[in-house]
Protein chains: 2
Amino acid sequence: MNISKRSVALQASPIRKLFPYANEAKKRGVHVYHLNIGQPDVETPQVFIEAVKKSDFSVLAYADSHGWEPLRESIAAYYHRIGLTYETEDIIITNGGSEALQWAFMICCDPGEEILVPEPFYTNYRGFALPYTVELKPIPTRLENAFALPDDATLEAQITDKTRGIALSNPGNPAGVVYSKDEVCRIAYIAMRHNLFIIADEVYREFCYDGQEATSFGSMTDALDRIILCDSVSKRFSACGARIGSIASHNRDVINAALKLGQARVCCPTLEMIGAKALYDLEPDYFIPIRERYERRRNIMIDALQKMQGVLCEKPGGAFYAIAKLPVDNAEKFALWLLNDFREDGKTVMLAPAEHFYQTPNQGVDEVRLAYVLNTDDLSDAMRVLDSALKQYPGRFLR
Amino acid sequence: MNISKRSVALQASPIRKLFPYANEAKKRGVHVYHLNIGQPDVETPQVFIEAVKKSDFSVLAYADSHGWEPLRESIAAYYHRIGLTYETEDIIITNGGSEALQWAFMICCDPGEEILVPEPFYTNYRGFALPYTVELKPIPTRLENAFALPDDATLEAQITDKTRGIALSNPGNPAGVVYSKDEVCRIAYIAMRHNLFIIADEVYREFCYDGQEATSFGSMTDALDRIILCDSVSKRFSACGARIGSIASHNRDVINAALKLGQARVCCPTLEMIGAKALYDLEPDYFIPIRERYERRRNIMIDALQKMQGVLCEKPGGAFYAIAKLPVDNAEKFALWLLNDFREDGKTVMLAPAEHFYQTPNQGVDEVRLAYVLNTDDLSDAMRVLDSALKQYPGRFLR
């Protein structure tokens, strides 16, 4: 019994594939600092579970395929507070930001059509596109150039008659890049010139540091019919396990297609939508201490990385990730060695090899993605352990 | 901005498309008996919400992409109780039975490949297949023949070199058909002869009447490598809003592909998995009074339908649906007329036109699907109202 070729082609999560080795290390009594996964340690606001516990029902019935209306209203109110003009009817609730992105790819593309994506990109984009036989076409950005987007000519050279859209995460996973307002405008105008959709993955919108703010593609008023805005409560409110996301658009065809996709799988989970509404109803100052906390962590991690001999790492402006180039032969080998063969005072660190965030072969081979989702003491100690590991790793070499 | 052709081709839910008219009727003060949707009125067992309320966490974190292990263990134990041999590692949790079926189609088929489905079928199958450009090929079954499957020769004549599997719901939605053990065996052997997967949608497994039991495809020991068993808590435990389903298979390639699809969208909602485990831990005798309740309703509804002049309806053996042929020009027109123009003592009924459950054009034009998910008093009254409506409908005609 052969399964489909596209099922075979699906990749196992590169972020998760080293887990068995981490578990083995833990069984040997090694403490593993997890820098590999974007699972925030920030407490989920209590209002979430309080709202769930207050819910009263005798039959846990199907919800509306649009999503629970009070949640959609609260998301619209949240958008209004940040200056965006999405109304309740422009918003469909999805099973996490993941489903929103899957749908966006499918709504833009027929089989074989293409979406441009600045590379490195969130590796799950591949798992969203491949089942729908949508092709991702990388726009190369590189660590040495602070992951800046190429100029118009280089970018437009990637556009073919099969290109239907461009997908960007901003602030970005995995490199923590925040595009300036000028860059967001530039992308919007390129999309307008070439009649492309923009799939705007803005799930890290509030995690922007150094006093900067992220510019939402939803504020590009000339391009609103081509913007598909994907959001999620996962990172925003530290509620990854809720699996509540949303898709918003001023384009009625997009929203109608999303609704039909929603009707096919009927609805999102009721209790989690009730909890998610309470999250979106939080006062905007909820984000202030969270942002400060992440900014402190970023500073500690990046300062430490920049002091390590042979490590290259720019300070990222947002999200809670950074990509670092390490003085090693191969970052995946190094990550495995950390779990299998290394310990410092009984501790080691788990890293995500960055190669898998690139689509272009042989890119990022000596790079890792680090998520700063540990408290500052643990993060400092993890950096100490990493520094020591880099000095001892047999595959070390300095350029 | 044109969206993809396949997005345009998606159909709005035929079960839900008449809702706006029902809402208008309600605004005019008309009481609408909903026979159109399989939303059980049976109470969700209290253990669900109790388990959720007892859950204790400070961070609502991502769950395992396999699904929460205690839930997978409880589903394996449930399968063992009913004589099936699926173990924890053979089971992946999905966002409802919907995601399980979507994945099953994708895992079996590359674009343009085909799945056979006895028609009429659950209309959402189309919404599961189309985004993946999987073709559904109907195996005609007809009301006049109690929706029996055709003989081997007729059935095998539908198989081409593009056919990768056969999908069946058993007990069935929308016709309530329960396949005999012989029929299940026959299908398994056809699948073995032609190297097809069997996508077994058994979400109504416990709703089987007249002392009969449904035979699970999971009991076809010679064919286990080709069986993809899709399940859900929605109907089984009256927990449609939980959106917890599962896919089970003894085929490692299938489970590995499902896991990779799971990793792409990370995980299912945590709280709902906690609640779902409590449901699967219920004693098997939980189903006895529920089954009796549905059986009483079925008898009331079918007895009433069979007494109506010009109505054809066989007594279905399972699930909680029936298809009836009505003495009307067009069942969708009649359903609309019921909502827009008719009332009896201030009441009307909402029906699902059955045409949309057929893929073959012009089939089921004068048929409706009725779900018996109302209490017996309401159901009897709904039948009285329907009988009266049929007598008054301007498009009535008797064959």
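On a predicted model such as this, the values are computed, not experimentally measured, just so you know. (Residues numbered from 1 in each chain as written. Chains lettered and ligands numbered in written order. Predicted model: local features only at pLDDT ≥ 70, side-chain atom pairs only at ≥ 80, totals over all residues.)

Peer 1: Give me helix α11 (residues 287-307) of chain B: which residues, what numbers.
Peer 2: All names here are of chain B. Across its 21 residues, α11 extends 30 Å between first and last C-alpha, which sits within 8% of the 30 Å expected from 1.5 Å per residue. By the burial criterion, the buried members of α11 are Tyr294, Arg297, Arg298, Met301, Ile302 and Leu305. Buried residues of α11, viewed axially, fall in a sector of 125°; they line one side. Facing away from the buried surface of α11 by more than 90 degrees, the exposed residues are Ile288, Pro289, Glu292 and Lys307. (Helix = DSSP H or I, 4+ residues; strand = E, 2+ residues; numbered from the N terminus. Expected span 1.5 Å × (residues − 1). Buried ≥ 20, exposed ≤ 12 C-beta atoms within 10 Å, placed from the backbone. Arc of directions from axis to C-beta.)

Peer 1: Explain the interface of chain B and chain A to me, and be specific about the residues and the numbers.
Peer 2: Contacts between the two partners involve 66 residues from chain B and, on the opposite side, 66 residues from chain A. Mapped by element, the contributors of at least two residues to the side of chain B that touches chain A are α1 (5-9), α3 (46-54), α5 (96-108), α6 (124-129), α9 (252-264) and α10 (270-280) of chain B. It is α9 of chain B that contributes the most residues to the side of chain B that touches chain A, 7 residues altogether. Split by residue class, the side of chain B that touches chain A holds 32 nonpolar, 19 polar and 15 charged. (Contact = placed C-beta atoms within 7 Å. Nonpolar A, V, L, I, M, F, W, Y, C, P; charged D, E, K, R; others polar.)

Peer 1: How would you summarise the relation of the copies chain B and chain A if you had to cite specific residues and measurements?
Peer 2: Mapping chain B onto chain A is achieved by rotating through 180° and translating by 0.0 Å along the same axis, at an RMSD of 0.0 Å. Here the copies are linked by what is in effect a two-fold axis. Relative to the rotation axis, the closest C-alpha in chain B is found at Tyr132 of chain B, a distance of 2.6 Å. When the interface residues of chain B are mapped onto chain A, 100% of them again lie at the interface, so the same face is used by both copies. (Least-squares fit on C-alpha atoms with pLDDT ≥ 70 in both.)

Peer 1: Mind laying out the pairing of strand β4 (residues 135-140) of chain B, listing which residues take part and the relevant values?
Peer 2: All names here are of chain B. As judged from the 6 bridges shared by strand β3 (residues 114-119) and β4, these two strands associate in the parallel manner. Across the sheet, Glu114 pairs through a bridge with Glu135, a residue of β4. At this point the chain moves from β3, through α6, to the parallel β4, and the crossover so formed is right-handed. (Pairing = 2+ DSSP bridges. Right-handed = clockwise from strand over helix to strand, strands pointing away.)

Peer 1: Hey, could you go over the nonpolar core for me, with residue numbers and the actual values?
Peer 2: Counting residues in each nonpolar core, the largest one holds 272 residues, and the members touching the most others are Ile198 of chain A together with Ile198 of chain B. Excluding residues that lie within four positions of it along the chain, Ile198 of chain B makes contacts with Gly165, Ile166, Ile187, Ala188, Ala191, Phe217, Ala223, Arg226, Ile227 and Ile228 of chain B. (Core = buried A, V, L, I, M, F, W, Y, C linked by C-beta atoms within 7 Å.)

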